[in-house]
Amino acid sequence: MGAAGFWNDMDEPSLFERPDKTMPLDTVHRLDDWHHPRSSRHSQCSLACQNVRATYEGLRKLQGDERPFVLTRAAYSGAQRYAATWTGDNSSTWNHLKMSTPMLLSMGISGYPLVGDDIGGFAGSPTADLLTRWFEVGALNPIYRDHTAKGTADQEPWVHGPEHEAIRRKYIELPL
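Residues numbered from 1 in each chain as written. Predicted model: local features only at pLDDT ≥ 70, side-chain atom pairs only at ≥ 80, totals over all residues. Heavy atoms only, no water.

A. Structural context of the overall build of the chain. Broken down by element type, the chain carries 4 helices and 8 strands. Along the chain, helices (α) and strands (β) appear in the sequence β-β-β-α-β-β-α-β-β-α-β-α when read from the amino end. Classification of the 176 residues of the chain by burial places 37% in the buried group. When contacts within the chain are restricted to residue pairs at least 6 apart in sequence, long-range pairs at least 24 apart make up 65% of them. Counting every atom, the chain has about 10,600 Å² of accessible surface; 56% of that belongs to carbon and sulfur. (Helix = DSSP H or I, 4+ residues; strand = E, 2+ residues; numbered from the N terminus. Buried < 20%, exposed > 50% of the residue type's maximum accessible area, 1.4 Å probe, protein only. Contact = heavy atoms within 4.5 Å. Areas by Shrake-Rupley, 256 points an atom, 1.4 Å probe, with all protein chains shown as cover.)

Listed below in structure tokens is the structure:
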């Protein structure tokens, strides 16, 4: 049984006109299967969970025996049954690299084992040394994803010359 991929970037409700990019947290949602109205604070992630569940179930119907791979950054308790996740748009900083491993380990011991972060950072351009270190650490993540924003420097393994490429290649090719 193979796996078919699907990337489900933003499952949470978003309003890009606002500085916080989301609905006010006191917005009230009324849905037929909820007996009491819920605030956005409660409903955003549970709606995201239902979105990944629907995506997973729809792909199962379309693909038969192929196992769907759904990747999301918004989740709620139980979403690990339907999707893998990444930690969202991080920054190309040593601090975000330092935070990544504890965050992924915490998610793993909380029952969400298929997790990853944006290798190299999404926002900004990492230095050669930072990108190399992120490749080293990221090679051991459950999900390895090199992803960056438009307008940032290239983050492929071969940028920054042969010395960095050799180190990155060594970790990418680790037998696991």
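Still more to cover.
B. Molecular detail of the environment of Gly121. Its place among the elements puts Gly121 in the loop between strand E7 (118-119) and helix H3 (128-138). Not counting residues up to four positions away in its chain, the partners in contact with Gly121 are Asn90, Ser91, Ser92, Trp134, His147, Thr148 and Gln155.

C. Representation of H3. Of all 11 residues making up H3, 8 are buried, and the element is well covered by its neighbours. Turning to H3, its buried residues are Ala128, Leu130, Leu131, Thr132, Trp134, Phe135, Glu136 and Gly138. Looking at the buried positions of H3, the neighbouring elements they touch are helix H2 (94-109), E7, strand E8 (145-146) and helix H4 (162-172).

D. Summary view of the packing of H3 against H4. Look at H3 against H4: their axes get within 8 Å of each other, and the N-to-C directions meet at 15 degrees. One element, H3, and the other, H4, form an angle in the roughly parallel class. Along this stretch, H3 crosses H4, giving a crossing that reads as left-handed. Contacts from Ala128, Asp129, Leu131, Thr132, Phe135 and Glu136 in H3 reach His164, Ile167, Arg168, Tyr171 and Ile172 in H4. Within the contact of H3 with H4, the residues separate by chemical class into 6 nonpolar, 2 polar and 3 charged. (Axes fitted to C-alpha atoms, helices over the stretch in contact; angles between N-to-C directions. Parallel < 35°, antiparallel > 145°, perpendicular 65-115°, else oblique. Left-handed = near helix turned anticlockwise from the far one by under 90°. Nonpolar A, V, L, I, M, F, W, Y, C, P; charged D, E, K, R; others polar.)

E. Structural detail: the side chain of Asp118. Structurally, the position occupied by Asp118 is in strand E7. On the accessibility criterion, Asp118 (0% relative accessible area) is buried. With residues up to four places along the chain from it excluded, the contact list for Asp118 reads Trp86, Gly88, Asp89, Asn90, Trp134, Arg145 and His147.

F. Structural context of the nonpolar core. Grouped together as the largest cluster of nonpolar side chains are 11 residues: Cys49, Val52, Tyr56, Leu59, Val70, Ala79, Tyr82, Ala83, Leu104, Tyr112 and Val115. With 4 residues, the single largest contributor to this core is helix H1 (residues 40-63). (Core = buried A, V, L, I, M, F, W, Y, C linked by side-chain atoms within 4.5 Å.)

G. Region of the structure containing the packing of aromatic side chains. Within this structure, the stated rule accounts for 2 aromatic pairs. For the cation-ring pair, Arg145 lies above Trp86, with the distance from its terminal atom to the ring centre recorded as 4.1 Å. (Phe/Tyr/Trp six-rings, centres within 6.5 Å; stacked < 30°, edge-to-face > 60°. Lys NZ or Arg CZ within 6 Å of the ring centre and 35° of its normal.)

H. Representation of the pattern of salt bridges. Taken as a whole and judged by the stated rule, the model has 6 salt bridges. One salt bridge in this structure joins Arg73 and Asp89, with 3.1 Å as the shortest N-O distance. On the criterion of sequence distance, the pair formed by Arg73 in the loop between strand E4 (67-72) and strand E5 (84-86) and Asp89 in the loop between E5 and H2 is long-range, its members being 16 residues apart. The exposure class assigned to Arg73 is partly exposed, which follows from its relative accessible area of 24%. For Asp89, a relative accessible area of 43% translates into the label partly exposed. Between Arg169 and Glu165 there is a salt bridge, and its shortest N-O distance comes to 3.2 Å. Of this pair, Arg169 and Glu165 both sit in helix H4, 4 residues apart, which is roughly one turn of the helix. (Salt bridge = Lys/Arg side-chain N within 4 Å of Asp/Glu carboxyl O.)

In short, shape yes, function no, at least from these values alone.
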